[in-house]
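For reference, the chains in residue letters:
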Amino acid sequence: LLSSVDMMEEFSLRQRAVKALGHLGNERALDTLLRFVGEDGHALQEESAEAIGHLHDSAQKDRIFDMLKRMSTAEELSYGLNMAALSGLRHFGGEAAWILIRREASHRSWRIRERIAELLGFADHPENHELLIKILKEEDDYDVLRAAAKSLRRLLGDTLEVNYVLLQSSDADL
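Going along each chain's sequence as written, the residues are numbered from 1 onward. Predicted model: local features are reported for residues with pLDDT of at least 70 only, side-chain atom pairs are reported and counted for 80 or more only, and whole-chain, interface and lining totals are derived from all residues. Excluded from the side-chain calculation are hydrogens and water; included are all heavy atoms of the structure.

## Points about the packing of helix α9 (residues 126–138) against helix α10 (residues 142–156)
The axes are straight lines fitted to the C-alpha atoms, using for helices just the contacting stretch, and the angles between their N-to-C directions are given from 0 to 180°. Secondary structure is summarised from DSSP: a helix means a run of H or I of at least four residues, a strand means a run of E of at least two, and numbering begins at the N terminus for each. Running from N to C, α9 and α10 cross one another at 145°; their axes reach a closest spacing of 9 Å. Seen from above, α9 lies across α10 with left-handed handedness. For the pair α9 and α10, contact is made by H129, L132, I133, I135 and L136 and by V144, L145, A148, A149, S151, L152, L155 and L156, respectively. For any helix crossing, the convention is left-handed if the near helix is rotated counterclockwise from the far helix by under a right angle, and right-handed if that rotation is clockwise. Only heavy atoms matter for contacts: two residues are in contact if any of them lie within 4.5 Å across the pair.

Have a look at this one:
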């Protein structure tokens, strides 16, 4: 699998191999993934940024966290790389990672805000509930609202509380 990310001809298979390496969490893949992440414009940079988040138990966890932190907020990087790094932070986990994720909820790009709303549904923290409710009450972008509604339902189920919050939403179609 590790050699396939460099050797396979079909790009989509290389992307899948990088994702699989991340899910496996094998530290032998870390050098390759870090090389892809560190090379600006590398075709597998985004997939590798998300994949390294799975290696939170690595001896290089501080380096991984610092890279994900930098990439998740760097204005000069593409939104795709910002979003991949945010997803990597979700996999990395821990309170510091979730603080960074929640901090980006008011980003100027609706794509980033949508990704944040999606990610918040993967960790059952009171802070995530509160932020999702705030998003549903204040956000004006439909895609972000839809992602927040889906995440809140993932966390709390199809409850009266969720339906009440959706009634208060800025979009009646949710």
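## A word on empty space enclosed by the protein
With a 1 Å grid laid over protein atoms only, a set of points is called a cavity when a 1.4 Å probe fits there but cannot get out and a pocket when it is open yet has protein on both sides within 12 Å along at least five of seven lines; lining residues have an atom within 4 Å of a point. Grid points are joined across faces, edges and corners, and a volume is the space filled by probe spheres set on the points. As enumerated under the stated definition, the model contains one cavity of 30 Å³ or more in all. In this model, the largest cavity occupies a volume close to 30 Å³. Lining the largest cavity are S72, T73, A74, E75, L77, Y79, N82 and H107. Asp, Glu, Lys and Arg are counted as charged, while Ala, Val, Leu, Ile, Met, Phe, Trp, Tyr, Cys and Pro are counted as nonpolar; the rest, among them Gly, fall into the polar class. Its residues assigned to classes, the lining of the largest cavity comprises three nonpolar, four polar and one charged.

## Observations concerning α9
Expected helix span is taken as 1.5 Å per residue step, with the number of steps being one fewer than the number of residues. Given a rise of 1.5 Å per residue, 13 residues ought to cover 18 Å, and the 18 Å separating the end C-alpha atoms of α9 matches this to within 8%. Burial here depends on accessible area, computed with a 1.4 Å probe over protein chains only, as a share of the maximum for the residue type. Under 20% is buried, over 50% is exposed, and the range in between is partly exposed. Within α9, the full set of buried residues consists of N128, H129, L131, L132, I133, I135 and L136.

## What to know about the packing of aromatic side chains
When the centres of two rings from Phe, Tyr and Trp lie within 6.5 Å, Trp using its six-membered ring, the rings pair. Their planes under 30 degrees apart give stacked, over 60 give edge-to-face, and anything left gives tilted. With the rule as written, the count across this model stands at one aromatic pair. A ring pair is formed by F65 and F92, whose centres lie 5.6 Å apart and whose planes are at 40°; its orientation type is tilted. Taken together, the residues F65 in helix α5 (residues 61–73) and F92 in helix α6 (residues 79–92) connect sequence positions 27 residues apart. On the basis of relative accessibility, which here comes to 15%, the residue F92 falls in the buried class. One Lys or Arg, R90, reaches over the ring of F122 and ends 3.7 Å from the middle of that ring. Here, over-ring charges are defined by two tests on the NZ atom of lysine or the CZ atom of arginine: distance to the ring centre within 6 Å, and angle to the ring normal within 35 degrees.

## A few points about the pattern of salt bridges
Whenever Lys or Arg places a side-chain nitrogen within 4 Å of a carboxyl oxygen from Asp or Glu, that contact is recorded as a salt bridge. In total, this model carries eight salt bridges according to the counting rule given. D143 serves as the salt-bridge partner of R146, at 3.2 Å between the closest nitrogen and oxygen. Taken together, the positions of R146 and D143, both in helix α10 and three residues apart, correspond to about one turn of that helix. R146 sits in the partly exposed class, given a relative accessible area of 41%. Given the relative accessible area of 24%, D143 is considered partly exposed. Of the charged contacts in the structure, one is a salt bridge between R153 and D158, with a shortest N-O distance of 3.4 Å. Owing to a relative accessible area of 31%, R153 belongs among the partly exposed residues under this scheme.

## Considerations on the environment of E50
Within the secondary structure, E50 is located in helix α4 (residues 45–52). On the basis of relative accessibility, which here comes to 28%, the residue E50 falls in the partly exposed class. Setting aside its immediate chain neighbours within four residues, E50 contacts A84, S87, G88 and H91.

## What about the side chain of H54?
Along the chain, H54 falls in the loop between α4 and α5. Aside from chain neighbours lying at most four places away, what touches H54 is G22, H23, G25 and H91.

Bear in mind that shape data such as this cannot, by itself, settle questions of function.
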